[in-house]
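Here's the letter readout for the chains.
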Amino acid sequence: MTRRKFFRYAFLAAMLLFIYLPILILAVYSFTSSTQIGAIRGFSMHNYVTLFTTPELRNMILGTLALAIGSSILATILGTAGAIGAYYSPPGISNLMQTLNQVPVVNADVVTGFSLCILMVVALHVSKDTFIPLVAGHVTLSAPFVFLSVMPKIKQMDSSIYEAALDLGARPSAALFKIVIPQIVPGIFAGFMLAVTLSLDDYFIATYTKPATFDTISTYVVNATKGAQTTIKTALWALSTVIFAIVVLAVVFMNLSAARQEKGGQRVD
(Lines give C-alpha, C1' and ligand atoms only; values in the text may rest on other atoms or scores of the structure.)
Protein backbone atom coordinates (compact mmCIF):
# COMPACT_ATOMS: atom_id res chain seq x y z
CA MET A 1 0.00 0.00 0.00
CA THR A 2 1.38 3.37 -1.00
CA ARG A 3 1.71 6.22 1.47
CA ARG A 4 -1.01 8.21 -0.33
CA LYS A 5 -3.50 5.36 -0.02
CA PHE A 6 -2.58 4.85 3.63
CA PHE A 7 -3.29 8.48 4.51
CA ARG A 8 -6.49 8.40 2.46
CA TYR A 9 -7.84 5.36 4.30
CA ALA A 10 -6.60 6.69 7.63
CA PHE A 11 -8.40 9.99 7.08
CA LEU A 12 -11.60 8.16 6.07
CA ALA A 13 -11.40 5.93 9.14
CA ALA A 14 -10.82 8.94 11.40
CA MET A 15 -13.84 10.76 9.96
CA LEU A 16 -16.10 7.72 10.34
CA LEU A 17 -14.85 7.24 13.89
CA PHE A 18 -15.50 10.91 14.69
CA ILE A 19 -19.07 10.64 13.35
CA TYR A 20 -20.16 7.28 14.70
CA LEU A 21 -18.16 6.75 17.90
CA PRO A 22 -20.28 9.15 20.03
CA ILE A 23 -23.46 7.41 18.84
CA LEU A 24 -22.02 3.98 19.58
CA ILE A 25 -20.93 5.09 23.07
CA LEU A 26 -24.44 6.39 23.73
CA ALA A 27 -25.89 3.10 22.48
CA VAL A 28 -23.65 1.11 24.82
CA TYR A 29 -24.65 3.19 27.83
CA SER A 30 -28.33 2.84 26.95
CA PHE A 31 -28.01 -0.88 27.82
CA THR A 32 -26.50 -0.21 31.23
CA SER A 33 -27.77 0.95 34.61
CA SER A 34 -25.37 3.92 34.61
CA THR A 35 -26.87 7.30 35.35
CA GLN A 36 -24.10 9.28 33.65
CA ILE A 37 -21.48 8.80 30.98
CA GLY A 38 -18.17 7.67 32.46
CA ALA A 39 -18.80 4.51 34.45
CA ILE A 40 -20.41 1.34 33.10
CA ARG A 41 -22.18 -0.45 35.94
CA GLY A 42 -23.82 -3.43 34.29
CA PHE A 43 -26.21 -4.63 31.61
CA SER A 44 -29.78 -3.43 32.00
CA MET A 45 -32.88 -2.87 29.85
CA HIS A 46 -34.28 -0.37 32.35
CA ASN A 47 -33.89 2.60 29.98
CA TYR A 48 -35.91 0.89 27.26
CA VAL A 49 -38.61 -0.19 29.69
CA THR A 50 -38.84 3.40 30.95
CA LEU A 51 -38.95 4.71 27.39
CA PHE A 52 -41.93 2.62 26.32
CA THR A 53 -43.87 2.54 29.59
CA THR A 54 -43.68 6.18 30.70
CA PRO A 55 -46.83 7.94 29.41
CA GLU A 56 -45.04 11.27 29.07
CA LEU A 57 -42.35 9.82 26.81
CA ARG A 58 -44.76 7.62 24.87
CA ASN A 59 -47.12 10.50 24.14
CA MET A 60 -44.21 12.71 23.09
CA ILE A 61 -42.95 10.09 20.62
CA LEU A 62 -46.39 9.37 19.16
CA GLY A 63 -47.15 13.08 18.84
CA THR A 64 -43.86 13.72 17.07
CA LEU A 65 -44.47 10.84 14.64
CA ALA A 66 -48.00 12.05 13.91
CA LEU A 67 -46.72 15.55 13.25
CA ALA A 68 -43.90 14.28 11.03
CA ILE A 69 -46.10 12.02 8.93
CA GLY A 70 -48.98 14.49 8.60
CA SER A 71 -46.84 17.50 7.72
CA SER A 72 -44.73 15.37 5.36
CA ILE A 73 -47.79 14.25 3.43
CA LEU A 74 -48.86 17.87 2.95
CA ALA A 75 -45.30 18.92 2.07
CA THR A 76 -45.00 16.08 -0.46
CA ILE A 77 -48.24 17.08 -2.17
CA LEU A 78 -47.24 20.75 -2.34
CA GLY A 79 -43.63 20.08 -3.31
CA THR A 80 -44.59 17.61 -6.04
CA ALA A 81 -47.26 19.93 -7.43
CA GLY A 82 -44.78 22.82 -7.40
CA ALA A 83 -42.12 20.80 -9.21
CA ILE A 84 -44.57 19.64 -11.89
CA GLY A 85 -45.95 23.16 -12.29
CA ALA A 86 -42.45 24.66 -12.57
CA TYR A 87 -41.40 22.07 -15.16
CA TYR A 88 -44.36 22.70 -17.44
CA SER A 89 -44.33 26.50 -17.01
CA PRO A 90 -42.65 28.91 -19.44
CA PRO A 91 -38.87 29.19 -18.92
CA GLY A 92 -39.04 32.57 -17.17
CA ILE A 93 -41.66 31.46 -14.65
CA SER A 94 -39.95 28.09 -14.18
CA ASN A 95 -36.60 29.72 -13.37
CA LEU A 96 -38.29 32.15 -10.99
CA MET A 97 -40.06 29.33 -9.13
CA GLN A 98 -36.85 27.32 -8.80
CA THR A 99 -34.98 30.38 -7.55
CA LEU A 100 -37.66 31.21 -4.98
CA ASN A 101 -37.64 27.59 -3.83
CA GLN A 102 -33.98 27.97 -2.87
CA VAL A 103 -34.71 30.70 -0.31
CA PRO A 104 -36.31 28.46 2.38
CA VAL A 105 -33.62 25.85 1.77
CA VAL A 106 -30.69 28.15 2.58
CA ASN A 107 -32.57 30.30 5.10
CA ALA A 108 -31.85 29.70 8.78
CA ASP A 109 -34.52 27.69 10.61
CA VAL A 110 -34.62 30.19 13.45
CA VAL A 111 -35.54 32.96 10.98
CA THR A 112 -38.24 30.79 9.38
CA GLY A 113 -39.70 29.83 12.75
CA PHE A 114 -39.74 33.37 14.12
CA SER A 115 -41.24 34.75 10.89
CA LEU A 116 -44.00 32.14 10.87
CA CYS A 117 -44.76 32.89 14.51
CA ILE A 118 -45.20 36.58 13.70
CA LEU A 119 -47.30 35.85 10.61
CA MET A 120 -49.60 33.18 12.04
CA VAL A 121 -49.94 34.25 15.67
CA VAL A 122 -49.49 38.03 15.61
CA ALA A 123 -50.71 39.06 12.15
CA LEU A 124 -53.37 36.40 11.46
CA HIS A 125 -54.29 35.79 15.13
CA VAL A 126 -54.12 32.01 14.78
CA SER A 127 -53.84 30.34 18.17
CA LYS A 128 -50.88 28.04 18.61
CA ASP A 129 -53.16 25.65 20.50
CA THR A 130 -54.74 24.73 17.15
CA PHE A 131 -51.44 23.21 15.90
CA ILE A 132 -51.92 25.14 12.65
CA PRO A 133 -48.75 27.27 13.07
CA LEU A 134 -46.70 24.18 13.94
CA VAL A 135 -47.94 22.16 10.96
CA ALA A 136 -47.55 25.16 8.65
CA GLY A 137 -44.00 25.64 9.87
CA HIS A 138 -43.01 22.04 9.20
CA VAL A 139 -44.66 22.08 5.78
CA THR A 140 -42.80 25.29 4.95
CA LEU A 141 -39.57 23.65 6.09
CA SER A 142 -40.03 20.41 4.13
CA ALA A 143 -41.86 21.32 0.89
CA PRO A 144 -38.83 22.99 -0.80
CA PHE A 145 -36.76 19.85 -0.23
CA VAL A 146 -39.52 17.72 -1.76
CA PHE A 147 -39.42 20.09 -4.74
CA LEU A 148 -35.67 19.50 -5.09
CA SER A 149 -36.14 15.71 -4.86
CA VAL A 150 -38.90 15.54 -7.45
CA MET A 151 -37.55 17.99 -10.04
CA PRO A 152 -34.60 15.81 -11.21
CA LYS A 153 -36.94 12.85 -11.76
CA ILE A 154 -39.27 15.02 -13.83
CA LYS A 155 -36.36 16.15 -15.98
CA GLN A 156 -35.25 12.53 -16.47
CA MET A 157 -38.63 11.23 -17.63
CA ASP A 158 -39.64 10.97 -21.26
CA SER A 159 -41.97 13.96 -21.71
CA SER A 160 -43.04 12.77 -25.15
CA ILE A 161 -45.18 10.06 -23.51
CA TYR A 162 -47.25 12.70 -21.75
CA GLU A 163 -47.64 14.67 -24.97
CA ALA A 164 -48.61 11.51 -26.85
CA ALA A 165 -51.30 10.78 -24.26
CA LEU A 166 -52.76 14.26 -24.80
CA ASP A 167 -52.65 13.80 -28.58
CA LEU A 168 -54.57 10.53 -28.21
CA GLY A 169 -57.36 12.30 -26.33
CA ALA A 170 -56.46 11.83 -22.69
CA ARG A 171 -57.42 14.61 -20.33
CA PRO A 172 -54.51 16.48 -18.74
CA SER A 173 -55.47 15.22 -15.26
CA ALA A 174 -55.64 11.61 -16.46
CA ALA A 175 -52.31 11.93 -18.27
CA LEU A 176 -50.78 13.46 -15.14
CA PHE A 177 -51.82 10.65 -12.80
CA LYS A 178 -51.32 7.79 -15.25
CA ILE A 179 -48.19 8.96 -17.10
CA VAL A 180 -46.25 11.56 -15.12
CA ILE A 181 -46.78 10.49 -11.52
CA PRO A 182 -45.75 6.82 -12.01
CA GLN A 183 -42.46 7.93 -13.57
CA ILE A 184 -41.51 10.21 -10.68
CA VAL A 185 -42.60 7.99 -7.77
CA PRO A 186 -38.97 7.39 -6.62
CA GLY A 187 -38.43 11.15 -6.34
CA ILE A 188 -41.72 11.60 -4.51
CA PHE A 189 -40.86 8.84 -2.04
CA ALA A 190 -37.38 10.25 -1.48
CA GLY A 191 -38.89 13.69 -0.88
CA PHE A 192 -41.40 12.27 1.59
CA MET A 193 -38.70 10.46 3.58
CA LEU A 194 -36.57 13.61 3.60
CA ALA A 195 -39.57 15.61 4.84
CA VAL A 196 -40.14 13.11 7.67
CA THR A 197 -36.48 13.37 8.67
CA LEU A 198 -36.55 17.17 8.64
CA SER A 199 -39.69 17.25 10.75
CA LEU A 200 -38.27 14.83 13.32
CA ASP A 201 -35.02 16.81 13.48
CA ASP A 202 -36.50 20.32 13.67
CA TYR A 203 -36.11 22.30 16.86
CA PHE A 204 -36.25 26.04 16.13
CA ILE A 205 -39.49 26.12 14.13
CA ALA A 206 -41.22 23.87 16.66
CA THR A 207 -40.00 26.05 19.52
CA TYR A 208 -41.63 29.17 18.07
CA THR A 209 -44.86 27.59 16.78
CA LYS A 210 -45.80 24.65 19.02
CA PRO A 211 -48.49 24.74 21.72
CA ALA A 212 -47.19 25.17 25.24
CA THR A 213 -48.38 21.71 26.29
CA PHE A 214 -46.89 19.86 23.31
CA ASP A 215 -43.31 18.72 22.80
CA THR A 216 -41.54 17.15 19.84
CA ILE A 217 -38.56 14.87 20.37
CA SER A 218 -36.14 17.73 19.71
CA THR A 219 -37.76 20.22 22.07
CA TYR A 220 -38.26 17.58 24.74
CA VAL A 221 -34.62 16.47 24.63
CA VAL A 222 -33.39 20.05 24.94
CA ASN A 223 -35.74 20.77 27.86
CA ALA A 224 -34.81 17.46 29.51
CA THR A 225 -31.22 18.62 29.91
CA LYS A 226 -32.41 21.48 32.11
CA GLY A 227 -33.56 19.53 35.15
CA ALA A 228 -35.51 16.43 34.21
CA GLN A 229 -35.34 13.32 36.38
CA THR A 230 -32.33 11.05 35.91
CA THR A 231 -34.53 8.17 34.73
CA ILE A 232 -35.98 10.37 32.00
CA LYS A 233 -32.54 11.53 30.87
CA THR A 234 -31.17 8.01 30.61
CA ALA A 235 -34.31 6.85 28.81
CA LEU A 236 -33.47 9.42 26.13
CA TRP A 237 -30.23 7.48 25.53
CA ALA A 238 -32.42 4.55 24.58
CA LEU A 239 -34.57 6.79 22.37
CA SER A 240 -31.48 8.01 20.51
CA THR A 241 -30.33 4.43 19.99
CA VAL A 242 -33.72 3.35 18.67
CA ILE A 243 -33.82 6.26 16.22
CA PHE A 244 -30.30 5.49 15.02
CA ALA A 245 -31.11 1.79 14.56
CA ILE A 246 -34.25 2.61 12.56
CA VAL A 247 -32.31 4.99 10.31
CA VAL A 248 -29.60 2.38 9.68
CA LEU A 249 -32.16 -0.30 8.83
CA ALA A 250 -34.04 2.08 6.52
CA VAL A 251 -30.86 3.06 4.66
CA VAL A 252 -29.81 -0.59 4.27
CA PHE A 253 -33.28 -1.56 3.01
CA MET A 254 -33.37 1.29 0.49
CA ASN A 255 -29.89 0.48 -0.80
CA LEU A 256 -30.73 -3.22 -1.17
CA SER A 257 -33.97 -2.37 -2.98
CA ALA A 258 -32.13 -0.01 -5.34
CA ALA A 259 -29.49 -2.67 -6.03
CA ARG A 260 -32.17 -5.26 -6.83
CA GLN A 261 -33.94 -2.88 -9.19
CA GLU A 262 -30.67 -2.09 -10.92
CA LYS A 263 -29.87 -5.80 -11.37
CA GLY A 264 -33.38 -6.44 -12.64
CA GLY A 265 -33.04 -3.64 -15.18
CA GLN A 266 -29.73 -5.02 -16.40
CA ARG A 267 -31.23 -8.48 -16.88
CA VAL A 268 -34.09 -7.07 -18.93
CA ASP A 269 -31.61 -5.16 -21.10
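Now for a look at the structure at hand.

About the cut-offs
Residues numbered from 1 in each chain as written. Predicted model: local features only at pLDDT ≥ 70, side-chain atom pairs only at ≥ 80, totals over all residues. Heavy atoms only, no water. Helix = DSSP H or I, 4+ residues; strand = E, 2+ residues; numbered from the N terminus. Buried < 20%, exposed > 50% of the residue type's maximum accessible area, 1.4 Å probe, protein only. Contact = heavy atoms within 4.5 Å. Axes fitted to C-alpha atoms, helices over the stretch in contact; angles between N-to-C directions. Parallel < 35°, antiparallel > 145°, perpendicular 65-115°, else oblique. Nonpolar A, V, L, I, M, F, W, Y, C, P; charged D, E, K, R; others polar. Patch = residues over 30% accessible without salt bridge, like charges linked within 9 Å, V, L, I, M, F, W, Y side chains within 5 Å. Areas by Shrake-Rupley, 256 points an atom, 1.4 Å probe, with all protein chains shown as cover. Salt bridge = Lys/Arg side-chain N within 4 Å of Asp/Glu carboxyl O. 1 Å grid on protein atoms, 1.4 Å probe; cavity = no way out; pocket = protein on both sides within 12 Å on 5 of 7 lines; lining within 4 Å. Points joined across faces, edges and corners; volume = space filled by probe spheres on them. Polar contact = N/O pair within 3.5 Å; in protein donor to acceptor, adjacent residues only side chain to side chain.

### Describing the side chain of Thr241
Tracing the sequence through the fold places Thr241 in helix H12 (residues 230-268). Residue Thr241 is classed as buried on the basis of its relative accessible area of 13%. Residues within four places of Thr241 in sequence aside, it is in contact with Leu26, Ala27, Ser30, Phe31 and Tyr48.

### A closer look at the packing of helix H2 (residues 46-53) against helix H3 (residues 55-87)
Each pair of packed helices gets described by two things: the angle between the helix axes and the distance between those axes. One can describe the packing of H2 onto H3 by two numbers: an axis separation of 5 Å at closest approach and a directional angle of 70 degrees. Compared by their axis directions, H2 and H3 come out roughly perpendicular. For the pair H2 and H3, contact is made by Thr50, Leu51, Phe52 and Thr53 and by Pro55, Leu57, Arg58 and Ile61, respectively. Here the residues of the contact of H2 with H3 are counted per class, giving 5 nonpolar, 2 polar and 1 charged.

### Some words on a nonpolar patch on the surface
Together, Tyr9, Leu12, Leu16, Leu17, Phe18, Ile19, Tyr20, Leu21, Ile23, Leu24, Ile25 and Ile37 give the surface a local cluster of nonpolar side chains, amounting to about 1,100 Å² of exposed area. Along the chain, Ile19 falls in helix H1 (residues 3-30). You can call Ile19 partly exposed: its relative accessible area is 46%.

### Here's the deal with the pattern of salt bridges
Applying the stated criterion across every chain, the model contains 1 salt bridge. Between Lys210 and Asp215 there is a salt bridge, with the nearest N and O atoms lying 3.5 Å from each other. Accessibility expressed as a relative area gives 22% for Asp215, which makes it partly exposed.

### Some points on unusual backbone geometry
Here the phi dihedral of His125 falls at roughly 60 degrees; this positive angle occurs in a residue that is not glycine. When you line up the elements, His125 lands in the loop between helix H5 (109-123) and helix H6 (132-156). A positive phi is found at Phe131, a non-glycine position, where the angle reads about 70 degrees. Its place among the elements puts Phe131 in the loop between H5 and H6.

### Digging into the layout of surface pockets
Its boundaries defined by the atoms lining it, the largest pocket holds a volume of some 950 Å³. In terms of lining residues, the largest pocket is bounded by 25 residues, among which Leu200, Ile217, Ile243, Ile246 and Val247 are the most central. The element that contributes the greatest number of residues to the lining of the largest pocket is H12, accounting for 9 residues. Space inside the second largest pocket adds up to approximately 220 Å³. Ser149, Lys153, Val185, Pro186, Gly187, Phe189, Ala190, Met254, Ser257, Ala258 and Gln261 are the residues that line the second largest pocket.

### Let's talk about the side chain of Ser72
By the secondary structure assignment, Ser72 is in helix H3. In this structure the side chain of Ser72 is engaged in a polar contact, spanning 2.5 Å, whose partner is the backbone oxygen of Ala68. With sequence-adjacent residues up to four places away left out, Ser72 is seen in contact with Phe192, Ala195 and Val196.

### Observations concerning the environment of Ile232
Among the structural elements, Ile232 can be located in helix H12. As a C-alpha pair, Ile232 and Asn47 span 185 residues in sequence and 8.3 Å in three-dimensional space. Not counting residues within four places of it along the chain, the set of residues in contact with Ile232 comprises Thr54, Leu57 and Tyr220.

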